[in-house]
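Residue-level structural notes
Here are the chains, one letter per residue:
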Amino acid sequence: MKLELTVNGEARDADVNPWKRLLDVLRDDLRLTGTKEGCGEGECGACTVLLDGEVANSCMVAAGQCHGRTVTTVEGLATGDVLNAVQRALLRCGGAQCGICTPGIAVCASHVVEHKLLESDDPRARVRELLAGNICRCTGYQLIVDAVIEAARELS
Amino acid sequence: MHRPVGSSLPRVDGVAKVTGRARYLDDLDAPGAWHGATVRSNVAHGRLVGFDRDPSVDWSQVVIATAADIPGKNAIALIEDDQPALVPVGGITMHHDEALALIAAPTRALAFAAMRAMKPKIEPLPAIFTVEDSLATKQLLYGADNVFKQFLIRKGHASDAEFEAAIARATHVIDERYYTSPQEQMYIEPQAMMAEWADDGRCYIVGSMQCPYYVHKAMKVLLGCDGDGVVITQSVTGGGFGGKEEYPSMLAAHVAVLAKRAGRAVKMTYDRDEDLAATTKRHPAWTHHRLAVDAAGEIVAIDVDCVMDGGAYLTLSPVVLSRGVLHAAGPYRCPVVRVRGRVVATNHPPHGAFRGFGAPQTTFPYERQIQKLARLRGEDPLELRKRLALRSGDTTATGQLLGFSVGTDEVLGAIEARLGPKPVSTDRKKRGRGFAFYFHGAGFTGSGEQRLAGKCTLAALPDGRFEVRSSSTDIGQGALTIFTQIAAQGLGVDPERICVIEPKTSLVPDSGPTVASRTCMVVGGLVEKCALELRDHLAANDGVLEVTKQYEPPPGISFDDATYTGSAYPVYGWAACLVDVAVDVDTFEVAIERCVHAVDVGKAINPMIVKGQIEGGTLQALGWALLENVIYKDGKVANATMTNCIVPTFADCPELETITVEVPYPFGPSGAKGVGEIPMDGPAAAVANAVEDALGVACDSLPISPESLQRSLS
Amino acid sequence: MTDYLRPRSIEEAAEMIAAHPEFMKLAGATDLMVDAKHKRVPAGIVDLWRVPGMVGIAETDRGIVIRAGATWLDVQRHPAIATRWAPLAAAAREIGALQIQARGTLGGNVGTSSPVGDSLPVLLALDAELELASIRGVRRVPYREFCVGYRKTALAADELIIAAHLPSPSPHARLGWRKVGTRRAQSISKVMGAAAIELIDGTVASARVALGAIADRPIRIAAVEAAVTGLQARHAAEAARAALRTAIAPIDDIRSTSVYRRTVAENLVARFFTDLT
């Protein structure tokens, strides 16, 4: 099918099988390689993107389902060379090590922070609940939680 | 920036990583590259007779490679050459999911379809999966006795009879057996590699790896070429933890052979299930520990007997075992020590390097023993450790006299200062507290660093920048950034003027592998020496624009490999951990409510990066304690998916309280020693000690799963 | 090339699946696309994601209607579910993690009816009724009659799930829920328990008790329900525990053991009753 969708604010198209994973459309057809594959089974969250404004594992979305829809990937978080608040905080707080999970974390955390989903008695516990679908093996998560809290504070 | 060392400079590769611009192997543009897939063994032991090819696949569209296509020696050269890159037809497959043949195709989907359509024909042989069956040589898999390697350490006695006499003089002997489970590294980027043969006749290999020169060495043997015949480049690497120490040589062999056959570049990226099924894990270990004390509670003798399952090939097992036995007596004073270690062959996929490298396996037993001693004596477990711990002036199990940089009092004191209230049980949650105290040798064992003779080069560039050339890789631990800081500090220039180039064997000297908590201390030390010397040359304006330094051991360091006595390591890191747990009485689930970890790193070149290293290692240890495991069924990994081979999520991790302690090492860069591995060593024992404190049942096997606690309590 | 169909209404969806019963019915895809790279390419897809008429949650005078296309995020964010059908909101928060909750749908969980489906014991305990549609018309089936075996349901090949109807709990009802997974989030369940217990003047007037991950399908435990009905609350826990002992035969697998599942199931069920007092 001729897939038409909006990616990071730009109209894009690709000639693909509708069963193709959105992840592969992004990486192979659109050459947006920031979105990573860690498991292919919806466990690790490295392939997280926003689909119509909600987080999704792009390894578990069929291309056909994205026709006419809007996708945001890690490449769409910064404005030109200006990083968004979550990206800046990840950098400043040491929230990225090997970096392979970082795109998924940056997308999910940006969504969580921008929609003010952390507002609660215990924002750090909320970060841990809301980001639990993004596995990081390097950091022990502590510095990522620090970064997300800092970014949320900056935006509030 | 005046003093780059000691500042939390953001990672130099950070912007590329938070924007998704960093290119990992699978992200690289490779027009025209074909994709590789691996046909694997479906039995644990058997003779490969041949292959059945399903005629429904158009085989003219793909390229097949077998052992016969290997130009040099069919071996992954490491310590021994016992592991083939591909099992030849007529040869013996030694484990499940061993590589038998390779396929390359224009698309990954076609390569995998062809792989599935190429069925190996194997005549099964009896297989062995336990160390008992291995030691009883129920099948002979290696040498004369299935023992890949054994070590014996003796301190304060000359014979077993003398040793038993020392044990007999004790008033109490705590005699227990322990088991630590296999563990998956679970880097989030699966193994990935690409090769291409260029018109100059050389093979260019790029991929996800820790040790470019290990791959280089292996490829020289496999491809039958000299050092110029193959060039290895590390791509941005998505985690390693030891899992990309030796295994990448296997992928490199495969893509190199396929690329030769296909006459074009070939890329191979493992799927997660394939990575879980075929690549190395932490060695499972069985330890018998006797801790003998006198009436005053002094340790009079320690006896450790540790057996590890090495799996089907030798790989790095001797070195893992070595580090295991060298740490097995723990950081405690004891005049009489005997440590025996053996690593044996089974038909499991080979076990290999994983953060801690044998030390976590032997730390768990000794820190459980110390807990049992505290219970036996009714002594506060932290006070007991303070009373018995090694300090400057004491000797280790190998007779090494400790001098400088012994952080015992500092790390134990840091924990004591953060004790807080003891956790209190309720009718639904049983709570408890556990401690652990441990040490970890930094750098290669014994004279290993001299043999390695690691080198590093620093050059002044015409544009005013400086280039660091080393084969140390950044696998997330921050090597690029700390080298930048050390070089900037030594040269007295801004870090922005430092460029650490990509590890490519044609451009960088062999600095040794990126392992063993040695990158900062050893190679960072070379960077510092280069920088100080180059600064002098520039000041003298003598025309010298490039300096290369080679490792030299600190004075007074010597180790006897024959008797395993002397200075096992130039220096040790020291650490202590407190863990509070709550156990749910309905479900037996263990929640870690506090984890305080104090780690002596000598000097934190970059405090933020050091904190990240400690915390990452801590969570791997907590995961190993409670929920990680590799389950083998008839030699095959039965939980080879991320759904079933689980690691902790954000929600499983407590708020980590990390204390970086700095007791400087006079011969490290600005006083730095190792940090990478030590956080993995002890927290599992602290968890077990806390659960025992909460429930009153011994936790001597990992993982401490709800199922195991339910069994213990019923 | 796979065919791709995106219906604009329930009626159109019913026509499409009647015409193409072999096509994959796909909504949030969080189960059907696990390891999709290596799955057989389907002949066609009928995309049920956000079909008009299949989304939304609405309170009625008798209870609440959750359309099949509602995601677990929709469920947990609905204020009435959070207060009056709290176990369903709690279960929704424990399904996978945010990425799965934002895509996974009630219809998908019910349609797959895996023994470890996280919402299913709650639907049993809350006495949910499913609304199914096809070109032949609409019918209703209680969820307890819908799942008939291991991942087997009463859904006909030409039918689709369009809603779940949950009656308002009795004013005397106490609701309970607990998931025990392999870890705290993004986990597969090892044992799940859900209960709706009607307590009148200290006596158990009625009870629905359901377990998941304990048999080949999510199950109601009739023996427990019968044993506790009419008992004083303080005696109910032990009666429930005793009745459960012979009512289930859980299995060993790589995630847990039979004896653990049995013990924990007993503890969870007993806890629902001790929490009454």
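Residues numbered from 1 in each chain as written. Chains lettered and ligands numbered in written order. Predicted model: local features only at pLDDT ≥ 70, side-chain atom pairs only at ≥ 80, totals over all residues.

1. Concerning the overall build of chain A
Let me state the cut-off plainly: Only DSSP runs of H or I with at least four residues qualify as helices, and only runs of E with at least two residues qualify as strands; both kinds are numbered from the N terminus onward. Burial in this document is a count-based property: other C-beta atoms within 10 Å of a residue's C-beta are tallied, and the residue is buried at 20 or more, exposed at 12 or fewer, or partly exposed in between, with C-beta positions derived from the backbone.
Within chain A, the regular secondary structure consists of five helices and five strands. Projected onto the principal axes, the alpha-carbon positions of chain A cover approximately 45 × 30 × 30 Å. The proportion of buried residues among the 156 residues of chain A is 68%.

2. A closer look at the overall build of chain C
Stated precisely, the cut-off is as follows: Only the C-alpha atoms count toward the radius of gyration. The rule for a globule is 2.2 Å times the residue count to the power 0.38. Throughout, a pair of residues is in contact if the C-beta atoms placed from their backbones lie within 7 Å.
Tallying secondary structure elements over chain C gives 11 helices and 14 strands in all. Compactness check: chain C gives a C-alpha radius of gyration of 19 Å against a globular reference of 19 Å for 277 residues, within 12% of the reference. Seen through its principal axes, chain C has C-alpha atoms that stretch 60 × 45 × 30 Å. Counting the 277 residues in chain C, one finds 53% classified as buried. Counted over contacts in chain C with a minimum sequence separation of 6, partners at least 24 positions apart contribute 61%.

3. A closer look at the nonpolar core
We apply this condition: Residues enter a nonpolar core if they are buried, belong to Ala, Val, Leu, Ile, Met, Phe, Trp, Tyr or Cys, and are joined to the set through C-beta atoms within 7 Å.
In terms of nonpolar packing, the biggest core is built from 400 residues, with B:I205, B:V255, B:V266, B:V687 and C:A240 touching the most fellow members. The residues touching C:A240, leaving out its near neighbours within four places in the chain, are C:V224, C:A227, C:V228, C:V269, C:A270 and C:F273.

4. A look at the interface of chain B and chain A
Put simply, the test is: Three classes are used, and their members are as follows: Ala, Val, Leu, Ile, Met, Phe, Trp, Tyr, Cys and Pro are nonpolar, Asp, Glu, Lys and Arg are charged, and the others, Gly among them, are polar.
Across the boundary between the two partners, chain B contributes 43 residues, which contact 41 residues of chain A. Those elements that place two or more of their residues in the side of chain B that touches chain A are α1 (14-19) and α15 (607-626) of chain B. Element by element, the count of residues in the side of chain B that touches chain A is highest for α15(B), at eight residues. Its residues assigned to classes, the side of chain B that touches chain A shows 18 nonpolar, 14 polar and 11 charged.

5. Considering the sheet that holds strand β3 (residues 63-65) of chain B
All names here are of chain B. The condition that has to hold: Paired strands are those between which DSSP finds at least two bridges. Axes here refer to lines fitted to C-alpha atoms; in helices the fit is confined to the stretch in contact. Angles between the N-to-C directions go from 0 to 180 degrees.
Pairing is mixed in the open sheet, where seven strands are placed in the order β3-β5-β1-β12-β9-β10-β11. The open sheet is flanked by β3 and β11 (230-234), the only strands paired with a single partner. Each adjacent strand pair in this sheet contributes to an overall mean axis angle of 25 degrees, direction not counted. In terms of strand pairing, β3 meets strand β5 (residues 99-105) through three bridges, oriented antiparallel. What sits directly across from V63, in β5, is A104.

6. Some words on the packing of helix α2 (residues 85-93) of chain A against helix α5 (residues 142-155) of chain A
All names here are of chain A. Going by this rule: Roughly parallel refers to an angle under 35 degrees, roughly antiparallel to one over 145, roughly perpendicular to one between 65 and 115, and oblique to any angle outside these ranges. The sense of a crossing depends on the near helix, which, turned anticlockwise from the far helix by less than a right angle, makes the crossing left-handed and, turned clockwise, makes it right-handed.
Viewed as axis vectors pointing N to C, α2 and α5 meet at an angle of 135 degrees, and their least axial separation amounts to 8 Å. In terms of their interaxial angle, α2 and α5 are classed as oblique. Considering only the axes of α2 and α5, their crossing is right-handed. In this structure, α2 uses A85, V86, A89, L90 and C93 to contact α5, whose residues at the interface are L143, D146, A147, V148, E150, A151, E154 and L155. Residue classes in the contact of α2 with α5 are distributed as 10 nonpolar, no polar and three charged.

7. Concerning the interface of chain C and chain B
Every contact between the two is made by 17 residues of chain C and, on the other side, 17 residues of chain B. With six residues, helix α11 (residues 258-274) of chain C is the largest single contributor of residues to the side of chain C that touches chain B. Class assignment for the residues of the side of chain C that touches chain B results in seven nonpolar, six polar and four charged.

8. Details of the environment of B:V43
Residue and element names in this part refer to chain B. Structurally, the position occupied by V43 is in the loop between β1 (34-40) and β2 (46-53). Classification of V43 as buried rests on a count of 21 C-beta atoms within 10 Å. Residues V43 and A111 lie 68 residues apart in sequence; the distance between their C-alpha atoms is 22 Å. With near-sequence residues (within four places) excluded, V43 lies in contact with T93, H96, I122 and P124.

9. What to know about helix α6 (residues 248-262) of chain B
Residues and elements named next belong to chain B. Cut-off, in case you're wondering: Multiplying 1.5 Å by the helix residue count minus one yields the expected span of that helix.
Helix length check: α6, at 15 residues, gives a terminal C-alpha distance of 21 Å against a target of 21 Å (1.5 Å per residue), a fit within 8%. The buried fraction of α6 is high, at 14 of 15 residues. Two residues or fewer past α6, G263 is found with a positive phi of approximately 70 degrees.

10. Some remarks on the pairing of β1(B)
If a strand is regular, its side chains alternate between the two faces of the sheet. Residues and elements named next belong to chain B. Most of β1 sits inside the fold, with six of its seven residues counted as buried. One ladder, built from two bridges, connects β1 with strand β12 (residues 266-269); its direction is parallel. Paired with H35 across the strands is K267, a residue of β12. Where β1 and β5 come together, six bridges link them in antiparallel fashion. Each bridged residue has a counterpart across the sheet, and for A37 the counterpart in β5 is I103.

11. With respect to unusual backbone geometry
A cis amide bond links B:L702 to the next residue, B:P703, at an omega of -10 degrees. Of note, the phi angle at B:F241 is positive, near 60 degrees, even though the residue is not glycine.

12. Description of the sheet that holds strand β4 (residues 92-93) of chain B
Think of a sheet as strands paired side by side through backbone hydrogen bonds, with each pair either parallel or antiparallel. In spatial order, the strands read β4-β2-β6 (chain B); together these three strands make up an open sheet with antiparallel pairing. Of all strands in the sheet, those with a lone pairing partner are β4 and β6 (118-124) of chain B, marking the two edges.

13. Digging into the packing of helix α9 (residues 359-377) of chain B against helix α10 (residues 381-388) of chain B
Packed helices, taken two at a time, are described by the angle their axes make and the gap between the axes. Residue and element names in this part refer to chain B. For the pair α9 and α10, interaxial distance at closest approach is 9 Å and the crossing angle is 110 degrees. As far as their axial angle goes, α10 and α9 are roughly perpendicular. Crossing handedness for the pair α9 and α10: right-handed. The segment α9 lies against α10, with I370, Q371, L373 and A374 engaging P381, L384 and R385. For the contact of α9 with α10, the residue count by class is five nonpolar, one polar and one charged.

14. Considering helix α2 (residues 108-117) of chain B
Considered for burial, the residues of α2(B) that qualify are B:R108, B:A111, B:F112, B:A113, B:A114 and B:M115. Those residues of α2(B) hidden inside the fold are in contact with β1, β5 and β6 of chain B.

15. Section: the environment of B:E383
Mapped onto the elements, B:E383 comes out in helix α10. Along the backbone, B:E383 and B:E416 are 33 residues apart, and their C-alpha atoms lie at a distance of 9.5 Å.

16. Here's the deal with the environment of A:C44
Tracing the sequence through the fold places A:C44 in the loop between α1 (22-29) and β3 (48-51). For A:C44, a count of 29 C-beta atoms within 10 Å puts it in the buried group. When the C-alpha atoms of A:C44 and A:R124 are compared, they prove to be 20 Å apart, with 80 residues separating the residues in sequence. Not counting residues within four places of it along the chain, the set of residues in contact with A:C44 comprises A:G38, A:C39, A:I135, B:I188 and B:M642.

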